[in-house]
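Letter by letter, the chains look like this.
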Amino acid sequence: MSKAIWWIRRGLRLADNQALNAALARSDSRVPLFILDPHLLVSPYVGPQRIAVLFAGLRSLNQDLRRLGSCLIIRQGEPVEILAALLSESGATAIYAEEDYSPYARQRDARVRDELPIILTMGLTVHPPELVLKKDGQPYTVFTPFSKTWNALPQPQEKDLLPKPVALNTPVDLPSLRIPDEPTLLDQVPFIPGEAEALRRLKVFTGGGESSVYSYGDRRNRPDVNGTSCLSPYIRFGMLSMRQAVVAAGQAIALAPDPPSRKSAETWLNELIWREFYLSIFYHYPHVRQRSFRPKYAAIIWENDPGVFEAWCRGRTGYPIVDAAMRQLLQSGWMHNRGRMIAASFLVKDLLIDWRWGERWFMQQLIDGDPAQNNGGWQWTAGTGTDAAPYFRIFNPILQSKKFDPQGFYIRRWLPELIAVPDKYIHEPWRMPDEFQERVNFRIGRDYPRPIVDHAAARRRAIAAYKRASG
């Protein structure tokens, strides 16, 4: 009887799992394995909430496996050593895993490939980064031509999605560690980990209704409403495959009831392509994890004030929209995408703090923290990355607040100290007259901080710093 190890990394699902499917096709018995890799679990880029979501996802996957007559084997240590030992214990002759493209993952898999019989399949992306290239074989560094080439490739259809297996034959005598349990860390997380919830959310989002893909184009920038898919944590952990998401987007586009709805669904598909673009950048230009994609901006002289950075981290800058976003992150482990852009712009441009400080903080806090997506977003906002916003594009936090949270619903949800502040002053509470403050028992500087910087002056300072760096 042939045996294989199904090495699970970022594919915590049974449906449309190409590594699992390859193991099923080429073996009689499979060992589902997850390795608690010290390099990934003990890292300045990893926070406790994301680890808690990972463990909850593993427990959900293990329950699904048990219903198939299988179970998840948990081991801890260096992957090469763990895999070599399990090959010997189980009698397996091959290892199947989805290919990953981060610098660490590629180095890890190269070490494994040098010593052990591993077969890597697709699964993390719809189209691997080696396939979406210019005619001269070079990678794209601008999104629009990347997306055109991506769209020109054959796209997956529903018939291409792999079904869940009906049974898995797994040896029952293999020892396994217990999956760690951190339930208190999940109390505030607005997501139920697991494949079943991922598929349910995908169905609801792409099936129509007020808060669906057909209103995404109009509502996605509004943190005060339920206008996004909220699928990023599920994609990040592979509880939902990118192929499943893209197929659902394509179906929504085909079934759109009118042109605006169709355009809205196309906008969501475009956001999925952005995920593949940033992963492609990470694959072809791994140095972006450590430094700016654009070398000239390595010369920016940052202020990097630790006290100011701490105020930003804790949502105490005095700018309500920024602070609401940062409090949402602290309390829930997630942040609306518009909030991410506003908060990032404020840190880099208003406070003149190195974007890498913010990138690291987000990775520590975000349950959907993905190295490629997080890095791409930060470098785009900072103007240092590929296809980035120009350095002089600086979000005005007050105008952003008025435009995307006009009635202050988002602000008041995450900043309860501002609940009594009238709509007229909710975006700029420091402008509220003293008599108003007395009337609502609120005092700026006592109950909520004054602005940590003057935006207009900070904008001038940032532009000057970028100009000096770029020559």
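The paragraphs below set out a description of the structure included in this document. (Residues numbered from 1 in each chain as written. Predicted model: local features only at pLDDT ≥ 70, side-chain atom pairs only at ≥ 80, totals over all residues. Heavy atoms only, no water.)

On to the overall build of the protein chain, then. Helix and strand counts for the protein chain come out as 20 helices and five strands. A compact globule built from 471 residues would reach a C-alpha radius of gyration of about 23 Å, and the protein chain, at 24 Å, matches this within 12%. If you line up the protein chain on its principal axes, its C-alpha atoms span 80 × 50 × 50 Å. Split into buried and exposed, the 471 residues of the protein chain put 59% on the buried side. For the protein chain, long-range pairs separated by at least 24 residues make up 78% of all intrachain contacts whose partners lie at least 6 apart in sequence. Accessible surface computed for the protein chain: about 20,100 Å², of which carbon and sulfur atoms make up 52%. (Helix = DSSP H or I, 4+ residues; strand = E, 2+ residues; numbered from the N terminus. Rg over C-alpha atoms; globule rule 2.2 N^0.38 Å. Buried < 20%, exposed > 50% of the residue type's maximum accessible area, 1.4 Å probe, protein only. Contact = heavy atoms within 4.5 Å. Areas by Shrake-Rupley, 256 points an atom, 1.4 Å probe, with all protein chains shown as cover.)

What follows deals with the nonpolar core. Residues Leu58, Trp268, Leu272, Trp312, Met326 and Phe362 are the most contacted members of the largest nonpolar core, which totals 124 residues. Setting aside anything within four residues of it in sequence, one finds Leu58 in contact with Leu12, Phe34, Leu72, Ile74 and Ile179. Residues Leu83, Leu87, Ala92 and Val112 belong to the second largest nonpolar core, which totals 19 residues. (Core = buried A, V, L, I, M, F, W, Y, C linked by side-chain atoms within 4.5 Å.)

For the rest of this paragraph, the subject is unusual backbone geometry. Working note: non-glycine residues mostly have negative phi, and peptide bonds are mostly trans. We note that Asp16 has phi near 50 degrees; this positive angle belongs to a residue other than glycine. Under the relative-accessibility criterion, Asp16 is labelled buried at 1%. Positive phi is not limited to glycine here, since Asn441 has a value of about 55 degrees. Summarising the element assignment, Asn441 is placed in the loop between α19 (434–439) and α20 (455–470).

In this fold, Gln328 is placed in helix α13 (residues 320–332). Looking at Gln328, its side chain comes within polar contact range of the main-chain nitrogen of His336, at 3.3 Å. Once residues within four sequence positions are removed from consideration, Gln328 is found in contact with Gly333, Trp334, Met335, His336, Tyr410 and Trp414. (Polar contact = N/O pair within 3.5 Å; in protein donor to acceptor, adjacent residues only side chain to side chain.)

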